[in-house]
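# Remarks on the overall topology
Here is what each chain is made of, one letter per residue.
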Amino acid sequence: MELPIESLWNQVLERLQVELSRPTFETWIKTASAERLENNCLVIITPNPFARNWLQKYYINTIANVVQDILGKPVEIYITVAQGDGVSNLGEQKVTGYLPNQSIAAETVPKKGQTTTELNSKYVFSRFVVGANNRMAHAASLAVAESPGREFNPLFLCGGVGLGKTHLMQAIGHYRCEIYPDSKIFYVSTEQFTNDLITAIRNDSMQIFREHYRAADVLLVDDIQFLEGKEYTQEEFFHTFNTLHEAGKQVVIASDRPPNQIPRLQERLCSRFSMGLIADVQTPDLETRMAILQKKAEYENIHLSKDVIEYIATNYTSNIRELEGALIRAVAYISIGGLSMTVENLAPVLQTPSEKVEATPEVILTVIADAFGISIEDLKSNSRRREISWARQIGMYLMRQHTDLSLPRIGEEFGGKDHTTVIYSYDKINQLQQSDRALLQTLRQLSDRINMMSRSHKSSGK
Ligand SMILES: Nc1ncnc2c1ncn2[C@@H]1O[C@H](COP(=O)(O)OP(=O)(O)OP(=O)(O)O)[C@@H](O)[C@H]1O
């Protein structure tokens, strides 16, 4: 017999209260409720879209693990926002579900047409703000979306971190899927391409690998700079590229730098990447940053005054991901403190990113434990369980990044580990994040949370 929903949720709350820090529990978990458990799917309701996004982003796996523990079987989790009449709006809020071993789930949409990796539903042209910094990249992307394989092939989008390359690239994919639902739109990171190749070699299935990638109508490849020095992947990519190009299929590539600045990239690939259009995205000016914030706030149903928008946009200048992060922090801070959204209230939490806020070991341990769904005691223990030692290594890396503590002191914070263990962990994570985009994103998000918690501790005088 199925457990009544109230009892299930009460048990979940009891467990999470112990596992998560008090502010986290009070702010995000206690305010949510479970609506129903149906067809192996638990529907959770949050009071507003912001809380939904936060739970979805940071706590969905923790909740899923706890529910699985209680029910003895995996359950999909749907997080949705309470409507005025208390009825949930499930359709729009469907979450990809529970992704084991992946602490921070991406928001994705179900497959349309045939895509390799799912596209992010938010990365569409209508949500992209055009400014002087990205006008050419936007126009070229639109042209490619309308007539792939014609003028700009390949389209090479380049520019610094968090400036909208992936957004534009995926917008092309969405546009094609919308018009031709059967077209084969493959979005893939270079890392994924490399991993697929390695798997194909290992499984003796190169033929399948080649047929798969060469069947694309539009191939979107992100972070091509990670091809650096990977001779065999470059070789294989070269042939994939040629086959598609010769067949008049569109290739779109994104990179943090132009082809000729990617070290150890074969000359022939470099020249192919340069034979279409190289369009760069630059950092946006103040007006564009304000327009981006305004649009983002509208989609999230958050009301922001012009002063607040200008204040945030003035303080975050170089990276739109950070700009969006600042908006999320602002809303979190305001809702935790029950404050009104004014510049004065936001000042403590939105110091410029360059103003480094020293994090305490406690904050770092709390953030890591929360994110990986384990306890601080686990982090300090000698357990060699894979997920615990992985979280511990990431924690040591971040403690070295966010504090001035010596290596032996960091070792002490993790239950008396030797400083050589700290060096080993730091070097390992540092090395991996240079080629593993998912890890890089996870580290960025964790850093963001450490900064956010440190700022709010600082401003509340803790
Ligand atoms: N012009 C824009 N209008 C609206 N949102 C934008 C714009 N540019 C970037 N963004 C948003 O900023 C965030 C980061 O963008 P994106 O992931 O596309 O950056 P990127 O250039 O691919 O970064 P990276 O080099 O780290 O992969 C996304 O949430 C994206 O939607």
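Residues numbered from 1 in each chain as written. Predicted model: local features only at pLDDT ≥ 70, side-chain atom pairs only at ≥ 80, totals over all residues. Heavy atoms only, no water.

## Quick look at the pairing of strand E9 (residues 277–281)
Each regular strand carries side chains that alternate between the two faces of the sheet. Just so we agree on the cut-off: The buried label applies to any residue whose accessible area, calculated with a 1.4 Å probe on protein chains only, is under 20% of its type's maximum; exposed applies above 50%, and partly exposed to all values in between. The helix and strand labels rest on DSSP assignments: H or I over at least four residues marks a helix, E over at least two residues marks a strand, and numbering proceeds from the N terminus. Between any two strands, at least two bridges found by DSSP are needed for them to pair.
Of the two faces of E9, the one lined by Leu-277, Ala-279 and Val-281 is fully buried and the one lined by Ile-278 and Asp-280 carries no buried residue. Pairing analysis gives 5 bridges linking strand E5 (residues 155–159) to E9, with the strands arranged parallel. Across the sheet, residue Phe-156 finds its bridge partner in E9, namely Ile-278.

## Quick word on the sheet that holds strand E3 (residues 76–81)
Which entries qualify depends on this criterion: All axes here are fitted lines through C-alpha atoms, helices being fitted over the stretch that makes contact, and every angle between N-to-C directions spans 0 to 180 degrees.
If you trace the 3 strands from one edge of the open sheet to the other, you get E1-E2-E3, paired in mixed fashion. Of all strands in the sheet, those with a lone pairing partner are strand E1 (33–38) and E3, marking the two edges. Along the sheet, successive strands turn relative to each other by an average axial angle of 25°, direction set aside. Where strand E2 (residues 41–46) meets E3, 6 bridges bridge the pair, whose relative direction is parallel. Of the residues in E3, the one forming a bridge with Ile-44 is Ile-79.

## Focus on the packing of helix H7 (residues 206–214) against helix H8 (residues 231–246)
Heads up, the condition is: With respect to orientation, any angle under 35 degrees is reported as roughly parallel, any angle over 145 as roughly antiparallel, any angle of 65 to 115 as roughly perpendicular, and every other angle as oblique. Here is the rule for handedness: rotate from the far helix to the near one, and if that takes an anticlockwise turn smaller than a right angle the crossing is left-handed, while a clockwise turn gives right-handed. By definition, residues are in contact when any of their heavy atoms lie within 4.5 Å. The nonpolar class holds Ala, Val, Leu, Ile, Met, Phe, Trp, Tyr, Cys and Pro. Asp, Glu, Lys and Arg form the charged class, and all remaining residues, Gly among them, are polar.
Running from amino to carboxyl end, H7 crosses H8 at an angle of 45°, the nearest separation of the two axes being 9 Å. Between H7 and H8, the interaxial angle falls into the category oblique. Handedness of the H7/H8 crossing: right-handed. Between H7 and H8, the contacting residues are Met-206, Phe-209, Arg-210, Tyr-213 and Arg-214 on the first element and Tyr-232, Glu-236, His-239, Thr-240, Thr-243 and Leu-244 on the second. Classifying every residue of the contact of H7 with H8 gives 5 nonpolar, 3 polar and 3 charged.

## Looking at the site of the ligand
Applicable threshold: Nearness is defined per residue: one heavy atom within 4 Å of the molecule or strand is enough. The accessible surface values rely on the Shrake-Rupley method and a 1.4 Å probe; as for residues, cover is taken only from the protein chains in view.
Taken together, 20 residues sit near the ligand, with Val-129, Lys-165, Thr-166, His-167 and Glu-324 positioned nearest. Protein burial of the ligand: of its 630 Å² of free accessible surface, 95% is covered by the chains. Going through the elements one at a time, helix H5 (165–179), helix H12 (320–337) and helix H19 (437–459) are the ones with two or more residues in the shell around the ligand. Split by residue class, the shell around the ligand holds 7 nonpolar, 6 polar and 7 charged.

## Details of the pairing of E1
With 5 bridges joining them, E1 and E2 adopt antiparallel strand pairing. By the bridge assignment, Glu-38 is partnered in E2 with Cys-41.

## A word on the packing of aromatic side chains
The description of two aromatic rings rests on the distance between their centres and on the angle between their planes. Where we set the bar: Ring pairs shown here join Phe, Tyr and Trp side chains whose ring centres sit within 6.5 Å, with only the six-membered ring taken for Trp; geometry is labelled stacked below 30 degrees between planes, edge-to-face above 60, and tilted in between. As a reminder, the over-ring test applies to NZ of lysine and CZ of arginine, requiring each to be within 6 Å of the ring centre and within 35 degrees of the ring normal.
This structure, assessed with the given rule, holds 10 aromatic pairs. Ring plane angle 20° and centroid distance 5.0 Å describe the contact between Tyr-397 and Tyr-426, whose orientation is recorded as stacked. Of this pair, Tyr-397 sits in helix H16 (residues 386–402) while Tyr-426 sits in helix H18 (residues 419–432), and the two are 29 residues apart along the sequence. For the pair shown, Tyr-397 and Tyr-426 are each scored as buried. Through a chain of ring-to-ring contacts, three or more aromatic side chains come together here, namely Phe-156, Phe-186, Phe-193, Phe-209, Tyr-213, Phe-237, Phe-241 and Phe-273. A cation sits over an aromatic face here: Arg-127 above Tyr-299, 3.7 Å from the ring centre.

## Looking at the side chain of Ser-183
Inclusion rule: As used in this structure description, the phrase polar contact means that two N or O atoms lie within 3.5 Å; if the pair is within protein, one of them must be able to donate a hydrogen and the other to accept it, and residues adjacent in sequence are counted only when both atoms belong to side chains.
With respect to the element layout, Ser-183 can be found in the loop between H5 and strand E6 (184–189). For Ser-183, a relative accessible area of 10% puts it in the buried group. Only 2.7 Å separates the side chain of Ser-183 from the backbone oxygen of Tyr-180, close enough to count as a polar contact.

## Thoughts on the pattern of salt bridges
Definition in use: For salt bridges, the criterion is a side-chain nitrogen of Lys or Arg within 4 Å of an Asp or Glu carboxyl oxygen.
In total, this model carries 15 salt bridges according to the counting rule given. Close ionic contact of Arg-264 with Glu-228 constitutes a salt bridge, the shortest N to O distance being 3.4 Å. Taken as a pair, Arg-264 in the loop between strand E8 (250–255) and helix H9 (267–273) and Glu-228 in the loop between strand E7 (218–222) and H8 lie far apart in primary sequence, 36 residues in all. Each of Glu-35, Arg-36 and Glu-38 takes part in a single network of salt bridges with overlapping partners.

## Describing the environment of Ser-435
Looking at the element boundaries, Ser-435 is found in the loop between H18 and H19. For the pair Ser-435 and Glu-228, spaced 207 residues apart in sequence, the C-alpha separation works out to 9.5 Å. When neighbours within four sequence positions are excluded, Ser-435 is seen to be in contact with Glu-191, Phe-226 and Lys-230.

## A word on the nonpolar core
Put simply, the rule reads: The criterion is simple. A nonpolar core is a set of buried Ala, Val, Leu, Ile, Met, Phe, Trp, Tyr and Cys residues joined through side-chain atoms within 4.5 Å.
Core analysis: the biggest nonpolar cluster contains 49 residues, and Leu-155, Ile-312, Leu-346 and Leu-350 have the highest contact counts within it. A per-element tally of this core places H12 first, with 8 residues. Setting aside residues no more than four positions away along its own chain, Leu-155 makes contact with Ala-140, Ser-141, Val-144, Ile-172, Gln-250, Val-251, Val-252, Ile-253, Leu-277 and Ala-279.

## Some points on H5
Spelled out, the test is: Working rule for helices: expected span equals 1.5 Å times residues minus one.
Under the 1.5 Å per step criterion, the end-to-end length of H5 is 22 Å for 15 residues, consistent within 8% with the ideal 21 Å. Counting buried residues in H5 gives 12 out of 15 residues, a clear majority hidden from the surface.

Don't take any of this as a statement about function, it's just geometry.
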